[in-house]
Amino acid sequence: MSRSSQHPRLIVGISGASGAIYGARLLEILAPMPVETHLVMSRSAEMTLALETDLKAADLRARADVVHAVGDLAAPISSGSFQTLGMVVAPCSIRSMAEIATGVTTTLLTRAADVVLKERRRLVLMVRETPLHSGHLQTMAALSQMGAVIAPPVPAFYAKPQTIAEMVDQTLGRVLDLFGLDTGTVRRWGEGKP
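Keep in mind the model is a prediction, meaning the values are calculated, not measured. Numbering of residues starts from 1 in each chain and follows the order in which that chain's sequence is written. Given that the model is predicted, a residue must reach a pLDDT of at least 70 before its local features are reported, and side-chain atom pairs must reach 80 or more before they are shown or counted; all residues, however, enter totals for whole chains, interfaces and linings. Water and hydrogen atoms play no part in the side-chain values, which are based on all heavy atoms of the structure.

**Overview of the nonpolar core**
Working step 1: Here the nonpolar core consists of buried residues drawn from Ala, Val, Leu, Ile, Met, Phe, Trp, Tyr and Cys, with membership extended through side-chain atoms lying within 4.5 Å. Only protein chains enter the calculation, and the probe is 1.4 Å; a residue is then buried if its accessible area is under 20% of its type maximum, exposed if over 50%, and partly exposed in between. The biggest cluster of nonpolar side chains holds 31 residues, and the ones touching the most others in it are Leu60 and Val88.
Working step 2: Per the convention used, a helix needs a DSSP run of H or I reaching at least four residues, while a strand needs a run of E reaching at least two, with both numbered from the N terminus. Listed by contribution, the elements that provide at least two residues to this core are strand 1 (9-14), helix 1 (20-30), strand 2 (36-41), helix 2 (43-52), helix 3 (57-63), strand 4 (86-92), strand 5 (122-127) and helix 7 (164-177).
Working step 3: It is helix 1 that provides the largest number of residues to this core, a total of seven residues.
Working step 4: Membership of the second largest hydrophobic core comes to 25 residues, among which are Ala75, Ile77, Cys92 and Ile100.

Here it is in structure tokens:
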């Protein structure tokens with residue numbers, strides 16, 4: 001059910017870190033927008049999704065315009081000639097982050113992120129880990145120097161969220177702001193409710 005290729009493409013990666021709801025909700029938010037979504041999900045992400053939500057991997061696949069198998073290293077998103085706005089990894093595990101930082105990629109998820117970096121496109125990593133040791137921080141700094149945006153899903157309490165869903169939507173809205181996509185879900189500082 002791919003949309004017209006006239007729409008810009010955005011890759012959504014979902015790794016096995018806690019916070020599968022971020023990737024699931026991101027696809028839901030993007031569905032009505034004029035963006036063609038390309039989903040790649042790790043095997044660990046499928047397990048985390050089952051542990052943290054009532055959703056199944058098939059539910060997420062149904063939300064995406066195009067789905068790529070994590071082992072398909074010949075998929076279009078593994079090539080820089082396949083034009084995209086970039087990629088969001090929501091959530092991003094430390095393992096995925098480390099693979100992306102080194103360029104030693106073993107899956108389509110990390111290969112696609114590596115391609116986004118090499119093509120100087122926007123890569124946003126919603127890294128989910130705490131506390132962080134110096135190795136994690138050094139890896140994040142290296143990725144930032146390469147052009148990635150490290151965007152841990154930190155709640156914005158100034159938005160006065162009443163539910164977890166509101167916190168998730170605020171965070172994802174801010175992530176999509178980085179691609180120039182306004183979801184209408186962001187409560188902006190100094191402005192009223194969306």
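**Focus on helix 6 (residues 134-146)**
Working step 1: An expected span of 1.5 Å times one less than the residue number is assigned to each helix. Over its 13 residues, helix 6 extends 18 Å from the first C-alpha to the last, a length consistent with the 18 Å expected when each residue adds 1.5 Å.
Working step 2: His136, Thr139, Met140 and Leu143 are the residues of helix 6 that are buried. Burial along helix 6 is one-sided: seen end-on, the buried residues are contained in an arc of 100°. Exposed residues pointing more than 90 degrees away from the buried face of helix 6 are listed as Gln138 and Gln145.
Working step 3: Directly after helix 6, the chain includes Gly147, whose backbone phi takes a positive value near 115°. By definition, the arc is the one covered by directions from the helix axis to the C-beta atoms.

**Focus on the packing of helix 4 (residues 94-102) against helix 6**
Working step 1: Each axis is a line fitted through C-alpha atoms, taken for helices only over the stretch in contact, and angles between the N-to-C directions span 0 to 180 degrees. Helix 6 packs onto helix 4 with a crossing angle of 45° between their chain directions and a minimal axis gap of 10 Å. Between helix 4 and helix 6, the angle is such that the two are oblique. Like other packed secondary-structure pairs, helix 4 and helix 6 cross with a definite hand, here left-handed. Where helix 4 abuts helix 6, its residues Ile94, Met97, Ala98, Ile100 and Ala101 lie against His136, Thr139, Met140, Leu143 and Met146.
Working step 2: In this classification, the charged set is Asp, Glu, Lys and Arg, the nonpolar set is Ala, Val, Leu, Ile, Met, Phe, Trp, Tyr, Cys and Pro, and all remaining amino acids, among them Gly, are polar. Class assignment for the residues of the contact of helix 4 with helix 6 results in eight nonpolar, two polar and no charged. Our angle categories are set so that under 35 degrees counts as roughly parallel, over 145 as roughly antiparallel, 65 to 115 as roughly perpendicular, and the remainder as oblique. The hand of a helix crossing depends on one turn: near helix anticlockwise from the far one by less than a right angle means left-handed, and clockwise means right-handed. Any two residues whose heavy atoms approach within 4.5 Å at even a single point are treated as in contact.

**With respect to the packing of helix 4 against helix 5 (residues 108-118)**
Working step 1: With their axes 9 Å apart at the nearest point, helix 4 and helix 5 run at an angle of 45° to one another. Taken together, the axes of helix 4 and helix 5 are oblique relative to one another. Of the two elements, helix 4 crosses helix 5, and the hand of that crossing is right-handed. Contacts between helix 4 and helix 5 pair Ser96, Glu99 and Ile100 from the former with Leu109, Thr110, Ala113, Asp114 and Leu117 from the latter.
Working step 2: The residue inventory of the contact of helix 4 with helix 5, partitioned by class, reads four nonpolar, two polar and two charged.

**So, unusual backbone geometry**
Working step 1: Each neighbour pair has its own omega, and for Ala90 with Pro91 the value is -5°, a cis peptide bond.
Working step 2: Note that Pro91 resides in strand 4.
Working step 3: Cis peptide bonds are those with omega within 30 degrees of zero, and the linkage from Thr130 to Pro131 qualifies with -10°.
Working step 4: Not every positive phi belongs to a glycine, and Arg120 is a case in point at roughly 60°.
Working step 5: Tracing the sequence through the fold places Arg120 in the loop between helix 5 and strand 5.
Working step 6: Classification of Arg120 by relative accessible area gives exposed; the value is 69%.
Working step 7: Located in the positive-phi region is Lys160, a residue other than glycine, with phi close to 50°.
Working step 8: You can see Lys160 is positioned in the loop between strand 6 (149-150) and helix 7.

Purely geometric stuff here, so don't read any function into it on its own.
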